[in-house]
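Structure at a glance
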Amino acid sequence: MSSEHREPPQVKTSAEEFGFTERERLFDKVSHERFLEILDDSKTKVHRIEESHNNYGEYLFVTVSRPGARKRIFMTFYGQGYHQYRERWITDEWNWYQSVRGGELERENIPRQAAKQQIEERYREVKAYAQQDTQTRQGQLFEMIADLTDEDGAWSEMQDLPEWLLDDDEDDLRYPV
């Protein structure tokens with residue numbers, strides 16, 4: 001077969017270039033252990049670490065990059081925080097999304113050991129909070145719906161639930177009369 005008739009090479013997605021497994025790509029999530037492995041990889045550069053919030057709560061956001069086929073690929077991981085609607089501390093998983101490259105971000109670099117130390121300090125802090133935490137029935141229900149749908153879908157569904165279903169009193173777990 002001549003080179004004119006060959007199939008063009010498949011372009012990898014950024015997540016594939018970054019080395020995420022199929023499961024990690026499907027759920028946009030990695031375990032804490034896997035996140036630490038990503039940080040330990042010599043190809044990974046840490047650019048930014050900051051405590052901030054999104055629609056679901058307050059987390060530690062860590063922006064890293066790795067070489068891609070044509071340019072560096074930036075990913076932001078967020079974890080080690082409190083999920084407001086699930087009403088629980090997130091300690092052992094990190095969500096991720098592809099970040100937008102920017103000149104300022106590319107110039108920022110945090111030494112790997114300093115980054116790992118900061119993340120470990122936050123991990124210990126959040127782990128202590130998580131041991132004291134208890135969810136209400138509403139938080140448990142949101143978590144169940146979110147795991148079946150997605151976070152945004154769960155929030156919409158929760159808005160349509162009857163008030164009695166979210167009541168924390170065990171005796172009120174029956175249909176109203």
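See the structure printed just above.
Here goes a summary of the coordinates provided. The shown structure was predicted, so the numbers you read here are calculated from the model rather than taken from an experiment. (Residues numbered from 1 in each chain as written. Predicted model: local features only at pLDDT ≥ 70, side-chain atom pairs only at ≥ 80, totals over all residues. Heavy atoms only, no water.)

Side note on the side chain of Arg66
Mapped onto the elements of the fold, Arg66 is located in strand β3 (residues 57-67). With residues near it in sequence (within four places) discarded, Arg66 still touches Phe18, Ile38, Asp41, Lys43, Thr44, Lys71, Arg72 and Ile73. (Helix = DSSP H or I, 4+ residues; strand = E, 2+ residues; numbered from the N terminus. Contact = heavy atoms within 4.5 Å.)

A look at unusual backbone geometry
Of note, the phi angle at Asp28 is positive, near 50°, even though the residue is not glycine. We note that Gln80 has phi near 50°; this positive angle belongs to a residue other than glycine. Take Gln80: it is sitting in strand β4 (residues 72-83). By relative accessible area, Gln80 is classed as buried at 0%. (Buried < 20%, exposed > 50% of the residue type's maximum accessible area, 1.4 Å probe, protein only.)

Considerations on the side chain of Thr63
Following the sequence through the fold, Thr63 ends up in strand β3. Contact partners of Thr63, with chain neighbours within four places excluded, come to Lys45, Val46, His47, Arg48, Phe74, Met75, Thr76, Ser99 and Leu105.

What about the nonpolar core?
Counting 19 residues, the largest nonpolar core has Phe18, Phe20, Phe35, Val62, Phe77, Trp94 and Ile119 as its most contacted members. Secondary-structure elements contributing two or more residues to this core are α1 (14-18), α3 (32-40), β2 (45-53), β3, β4, β5 (88-98) and α5 (112-132). Of all hydrophobic cores here, the second largest spans five residues; its members include Tyr56, Tyr59, Phe61 and Ile90. (Core = buried A, V, L, I, M, F, W, Y, C linked by side-chain atoms within 4.5 Å.)

A look at α3
Looking at α3, one finds that the buried residues are His32, Arg34, Phe35, Ile38 and Leu39. Taken down its axis, α3 places every buried residue within 160° of arc, on the same side. (Arc of directions from axis to C-beta.)

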